[in-house]
Each structure stands twice: as C-alpha cells, then as structure tokens.
Amino acid sequence: MKTYRVLALVVASIVAFNTLSFGWGNVGHMTVAYAAYQNLTPAAKKRVGVLLKLNPDYKNGKWAKMIPAGTAAKDRPMILFMIAATWPDQIKSETGYTNDPEGGPGSSGNTGYSDHLQHRYWHFVDTPFSQDGTTLGAIPAPNAETQMAAFRAVLASSDPDPLKSYDLVWLLHLVGDVHQPLHAATRVSKTDPKGDRGGNNVTLCKKPCKKELHAFWDDLPGTGVDPNAAVAVGKKLPTPNATLASDTKAATWIAESFDAAKKSVYVNPPIGLSDGPFTLTAAYRADARKIASARVALAGARLANVINSELK
C-alpha cells in the first residue's frame with residue numbers, strides 16, 4: 001500500500017505541474033529562472049528565498065514534492081526559484097482559480113494571493129500586424145507589459161511581503177513570457193481579422209492533430225516537468241550580449257519579440273498567409289532553436305538585473 005501511495009503522489013504532482021502553457025513550457029520558464037539565479041547577488045537570493053516561502057504552494061508542500069529526489073541541500077533554493085517561475089501556469093489547473101474573461105472585474109487588480117483569478121491575458125501583449133493589409137485593432141490591456149510595470153513598482157516599494165511574493169512569482173514568469181516572440185504579436189488577416197492569438201490558430205498538421213505554431217515555439221527550450229532538464233538546458237545557453245542584458249525596459253523586450261515574430265516566425269516558406277496546416281522545414285526549425293535559446297538567455301540575464309536592482 002505504501003508503494004501505491006507514493007506513486008499516487010508522484011502522478012498527482014506531475015499532472016498538476018504539467019499544465020496547459022501559453023508561454024515557454026515548464027522547461028523554458030525554469031531555464032529562464034535558472035539563468036537568472038546564477039546572476040543574483042547573495043542579498044537578492046536571500047530576499048527571494050524569504051518571499052517565495054509565502055506562496056501558498058510552498059506552504060502546502062506542493063513545490064517541495066516537485067524537487068527531484070537527491071537534490072543537494074545547497075541547490076534546493078535555486079530549484080524552488082525555478083519552480084516558482086511556473087506558478088502562473090500551475091494555477092490554470094488548480095482548484096479554486098477561475099479562468100476569468102479579459103477586461104472583466106479585477107482583471108487589472110494587484111491584490112496578492114487573495115486573488116484567485118487565473119489572469120491568462122497577463123501572459124502576453126497582442127501587438128497586431130498584418131501581411132495582407134487587413135485593418136489592425138488596438139493592443140488589449142491589461143497585458144504583460146502593464147502588469148510587469150505594476151509588479152516592479154511593488155517590488156521596489158515598502159509594500160508588505162505577501163504582496164511582493166505574489167508579484168515576484170508573476171514577474172519571474174512574465175519576463176520569460178515576453179521574450180517568446182509569439183507573446184508579443186498577433187497576425188491579423190482575412191482569415192483571422194481579430195488576430196491569430198499569437199499563432200495559436202495556426203496549425204502544423206492536419207486534424208485530429210492539434211499542434212499549433214505557438215506550441216512549437218513554446219516547446220523549443222524543452223518539454224516535460226523536470227527541473228534538472230532545465231538546469232541542463234541552462235548550462236548550454238549562449239552568453240547574452242552585455243549591453244542588451246542591461247536594458248531593463250520591458251517595452252524594449254516586447255519590441256524585440258515583436259520584430260522576431262514578424263521576421264522569423266511568420267516567414268514564408270513555410271508559414272503562409274492562412275492558418276495552415278503547414279509543414280516546418282529543417283532550416284526553419286534550426287533557426288527557431290537558435291532564436292529561442294538566445295531569447296531565454298537574455299530573459300534570464302534581464303530578470304536577474306531587475307531583481308538585483310529593484311527588489312527591496
């Protein structure tokens with residue numbers, strides 16, 4: 001019976017962790033956090049360690065169950081920091097959190113862990129563009145840019161730690177999100193006059209297959225739920241340009257991703273003007289992997305700079 005109970009706990013934690021993702025997948029977000037952690041000051045590491053302990057999933061032991069067996073004690077704070085970066089995706093499948101509508105009541109609030117809305121619209125900035133002359137709409141708000149500004153203001157303030165904890169875990173996630181090109185763009189066309197939802201409408205195989213262009217880009221850093229896989233990816237990341245890494249303006253990060261989406265994601269061939277299905281070429285896949293690796297590395301460096309300089 002004891003064996004079955006342990007197995008059940010493992011399965012439950014994996015199911016809870018492997019949620020539907022709308023940014024980098026779990027490995028991607030954990031890799032961004034791993035890269036950031038390597039560049040945090042000792043004081044910043046101590047401070048984030050205190051704040052993360054206020055998260056409900058730290059308190060209830062869920063995060064502890066996600067730490068791989070055999071993890072050295074000295075590495076546990078880093079692994080917890082990496083897991084925390086996935087929390088805004090974890091709550092998409094947790095009981096008690098509501099998938100609320102964009103623009104609904106509380107959509108732009110910042111009230112901390114008492115807020116049980118999923119805020120899926122916080123994960124991106126739908127900057128529209130068109131390749132066929134279709135009229136463009138406005139950028140919806142709130143979005144990742146508006147929320148990162150709110151969270152950073154709180155982290156730099158004298159606000160109470162429980163609110164800072166909530167804002168920190170969201171910031172860990174959103175900095176990674178906006179470095180994914182398809183989190184900064186939506187293609188408007190005759191096929192998708194309201195936008196293709198960051199490539200979520202664009203398919204890469206025929207039905208019943210459901211692989212979307214967005215999911216392809218999400219999964220480029222890796223798939224799965226193992227923090228050790230993210231550590232392995234993180235150790236192989238390219239060294240980001242120091243000048244770019246020092247730029248802590250979120251608007252710059254988003255503009256870079258938007259430019260990458262137009263120039264390197266929606267490139268024909270293989271991605272045509274419709275919603276597909278399209279078949280990706282080997283050259284497209286190779287270029288995408290290089291872009292994703294560079295964006296993840298840059299996100300990690302910038303996240304560290306923000307925390308080191310702004311968190312009080």
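Note that the structure is predicted; figures quoted are calculated from it, not measured.

Calculation notes
- Here the residue numbers are simple positions, counted from 1 along each chain's written sequence.
- This being a predicted model, a pLDDT of at least 70 is required before a residue's local features are given, and a value of 80 or more before pairs of side-chain atoms are given or counted; all residues contribute to the totals for chains, interfaces and linings.
- Neither water nor hydrogens contribute to the side-chain values; these are computed over all heavy atoms in the structure.
- A helix here means a DSSP run of H or I that spans at least four residues, while a strand means a run of E at least two residues long, and both kinds are numbered starting from the N terminus.
- Both definitions apply: the radius of gyration is a C-alpha atom measure, and the globule rule equals 2.2 Å times residues to the power 0.38.
- Categorising residues by exposure relies on relative accessible area from a 1.4 Å probe, with only protein chains included: less than 20% of the type maximum marks a residue as buried, more than 50% marks it as exposed, and the intermediate range marks it as partly exposed.
- Whether two residues are in contact is decided by their heavy atoms: any pair within 4.5 Å suffices.
- The charged-residue count follows a simple rule in which Lys and Arg add positive charge and Asp and Glu add negative charge, with His and chain termini not counted at all.
- By convention, the charge on Lys lies at NZ, on Arg at CZ, on Asp at CG and on Glu at CD.
- We call a set of buried Ala, Val, Leu, Ile, Met, Phe, Trp, Tyr and Cys residues a nonpolar core when their side-chain atoms join them within 4.5 Å.
- Structural elements are reduced to axes, namely lines fitted to C-alpha atoms, with helices fitted over the stretch in contact, and the angle between N-to-C directions of any two is expressed from 0 to 180 degrees.
- The cut-offs work like this: below 35 degrees is roughly parallel, past 145 is roughly antiparallel, 65 to 115 is roughly perpendicular, and the gaps in between are oblique.
- Crossing chirality is assigned from the near helix's rotation relative to the far helix, an anticlockwise turn below a right angle marking it left-handed and a clockwise turn marking it right-handed.
- In this analysis a 1.4 Å probe is tested at points of a 1 Å grid over the protein atoms alone, and where it fits but cannot get out there is a cavity; an open set with protein on both sides within 12 Å along at least five of seven lines is a pocket; lining residues have an atom within 4 Å of a point.
- Grid points are joined across faces, edges and corners, and a volume is the space filled by probe spheres set on the points.
- Any residue outside Ala, Val, Leu, Ile, Met, Phe, Trp, Tyr, Cys, Pro, Asp, Glu, Lys and Arg is labelled polar, Gly included; the first ten of those are nonpolar and the last four are charged.
- A pairing counts as a salt bridge when a side-chain nitrogen of Lys or Arg comes within 4 Å of a carboxyl oxygen of Asp or Glu.
- The disulfide definition used here is simple: a pair of cysteine sulfur atoms within 2.5 Å.
- By convention, a stacked pair of Phe, Tyr or Trp rings (six-membered ring in the case of Trp) has centres within 6.5 Å and planes under 30 degrees apart, an edge-to-face pair has planes over 60 apart, and any other such pair is tilted.
- Here the arc refers to the set of directions running from the helix axis out to each C-beta atom.
- Each polar contact in these results corresponds to two N or O atoms within 3.5 Å; when the atoms are within protein, one needs to be able to donate a hydrogen and the other to accept it, and residues that are neighboring in sequence are counted only if both atoms are side-chain atoms.

Undergrad: It is not clear to me how the overall build of the chain should be interpreted in this structure. Could you clarify?
TA: Along the chain, the regular secondary structure elements total 14 helices and two strands. Taking 2.2 N^0.38 as the reference for a compact globule, 312 residues should give roughly 20 Å; the C-alpha atoms of the chain span a radius of gyration of 19 Å, in line with that estimate. With respect to the three principal axes, the spread of C-alpha positions in the chain is 55 × 50 × 40 Å. The buried share of the chain, reckoned over its 312 residues, is 52%. Expressed as a percentage of contacts within the chain between residues at least 6 apart in sequence, the contacts between residues at least 24 apart total 73%. Of the side chains in the chain, 34 bear a positive and 26 a negative charge, and the two mean positions are spaced by 7 Å.

Undergrad: Where do I start with the nonpolar core in this structure?
TA: Within soluble globular proteins, side chains that are nonpolar tend to cluster in buried spots. Grouped together as the largest cluster of nonpolar side chains are 80 residues, with contacts concentrated most on Trp-63, Phe-81, Met-82, Trp-87, Leu-213, Trp-217 and Ile-307. Tallying contributions element by element places helix 14 (residues 282-310) first for this core, with 11 residues. Filtering out sequence-adjacent residues up to four positions away, Trp-63 remains in contact with Leu-52, Asn-55, Asp-57, Tyr-58, Leu-80, Ile-83, Ala-84, Trp-87, Gln-90 and Val-169.

Undergrad: Can you walk me through the packing of helix 8 (residues 144-155) against helix 9 (residues 161-177) in this structure?
TA: Two measures define how a pair of helices packs: the angle their axes make with one another and the distance between the axes. Between helix 8 and helix 9, the shortest axis-to-axis distance is 9 Å and the interhelical angle comes to 140°. It follows from the interaxial angle that helix 8 and helix 9 lie oblique. Judged by the twist between their axes, the crossing of helix 8 over helix 9 is left-handed. On the side of helix 8, the interface is formed by Ala-144, Gln-147, Met-148, Ala-150, Phe-151, Arg-152, Val-154 and Leu-155, while helix 9 contributes Leu-163, Lys-164, Asp-167, Leu-168, Trp-170, Leu-171, Leu-174 and Val-175.

Undergrad: Hey, could you run me through the layout of surface pockets in this one?
TA: Where empty space is left becomes clear once a probe the size of a water molecule has been rolled over the atoms. Estimates place the volume of the largest pocket at around 470 Å³. What lines the largest pocket is a set of 26 residues, among which Glu-102, Phe-124, Asp-126, Arg-197 and Gly-198 lie closest to the centre. Taken together, the residues of the lining of the largest pocket break down into 11 nonpolar, nine polar and six charged.

Undergrad: What is the right way to read the pattern of salt bridges from this model?
TA: Close approach of charged atoms allows side chains of opposite charge to pair. Applying the stated rule across the entire model yields 10 salt bridges. One salt bridge in this structure joins Asp-75 and Lys-74, with 3.3 Å as the shortest N-O distance. With relative accessibility at 68%, the residue Lys-74 sits in the exposed group. Of the charged contacts in the structure, one is a salt bridge between Glu-310 and Arg-152, with a shortest N-O distance of 2.6 Å. Taken together, the residues span a long stretch of sequence, with Glu-310 in helix 14 and Arg-152 in helix 8 at a distance of 158 residues.

Undergrad: What is the right way to look at the state of the cysteines in this model?
TA: Note on terminology: a disulfide is the covalent bond linking the sulfur atoms of two cysteines. One pass over the full model with this rule turns up one disulfide. The disulfide bridge from Cys-205 ends at Cys-209, spanning 1.6 Å between sulfur atoms. Judged by the torsion about the S-S bond (-65°), the Cys-205/Cys-209 disulfide is left-handed.

Undergrad: What should I look at first to understand the side chain of Thr-31 in this one?
TA: Examined against the element boundaries, Thr-31 turns out to sit in helix 2 (residues 26-37). With residues up to four places along the chain from it excluded, the contact list for Thr-31 reads Ala-230, Val-233, Gly-234, Leu-237 and Val-296.

Undergrad: What should I look at first to understand the environment of Leu-273 in this one?
TA: As for its position among the elements, Leu-273 is in the loop between helix 13 (250-265) and helix 14. Residues contacting Leu-273, with those up to four places away along its chain left out, are Gln-131, Arg-187, Ser-189, Thr-191 and Phe-278.

Undergrad: Would you mind going over unusual backbone geometry with me for this structure?
TA: Across residues other than glycine, the phi torsion is negative in most instances, and most of the peptide bonds are trans. Each neighbour pair has its own omega, and for Ala-141 with Pro-142 the value is 5°, a cis peptide bond. Between Gly-276 and the following residue, Pro-277, the backbone shows a cis peptide bond with an omega angle of 15°. Mapped onto the secondary structure, Pro-277 falls in the loop between helix 13 and helix 14. One non-glycine residue, His-119, lies in positive phi territory at about 50°. With a relative accessible area of 0%, His-119 lands in the buried category. Even without being a glycine, Arg-197 presents a positive backbone phi close to 60°. Within the element layout of this structure, Arg-197 appears in the loop between strand 2 (186-188) and helix 10 (213-218). Judged by its relative accessible area of 48%, Arg-197 falls in the partly exposed class.

Undergrad: Sorry if this is basic, but what is going on with the packing of aromatic side chains here?
TA: How two aromatic rings sit relative to each other is given by the distance of their centres and the angle of their planes. Taken as a whole, this structure holds 13 aromatic pairs when the rule is applied. With a centroid separation of 5.6 Å and 90° between ring planes, the pair formed by Trp-87 and Tyr-113 is classed as edge-to-face. Remark: Tyr-113 occurs in the loop between helix 7 (87-90) and strand 1 (128-130) and Trp-87 occurs in helix 7; sequence separation between them is 26 residues. The same class applies to Trp-87 and to Tyr-113, which are both buried. When the ring of Trp-87 is compared with that of Tyr-166, the centres are 6.1 Å apart and the planes differ by 80°; the resulting orientation is edge-to-face.

Undergrad: I keep staring at helix 11 (residues 227-234) and nothing clicks. Help me out?
TA: Every α-helical turn comprises 3.6 residues, leaving residues that sit three or four positions apart pointing alike. For helix 11, every residue scored as buried is listed here: Pro-227, Ala-230, Val-231 and Gly-234. Seen along its axis, helix 11 keeps its buried residues to an arc of 105°; they face one direction. The N-cap of helix 11, judged by a side-chain oxygen 2.9 Å from the amide nitrogen of Asn-228 a few residues on, is Asp-226.

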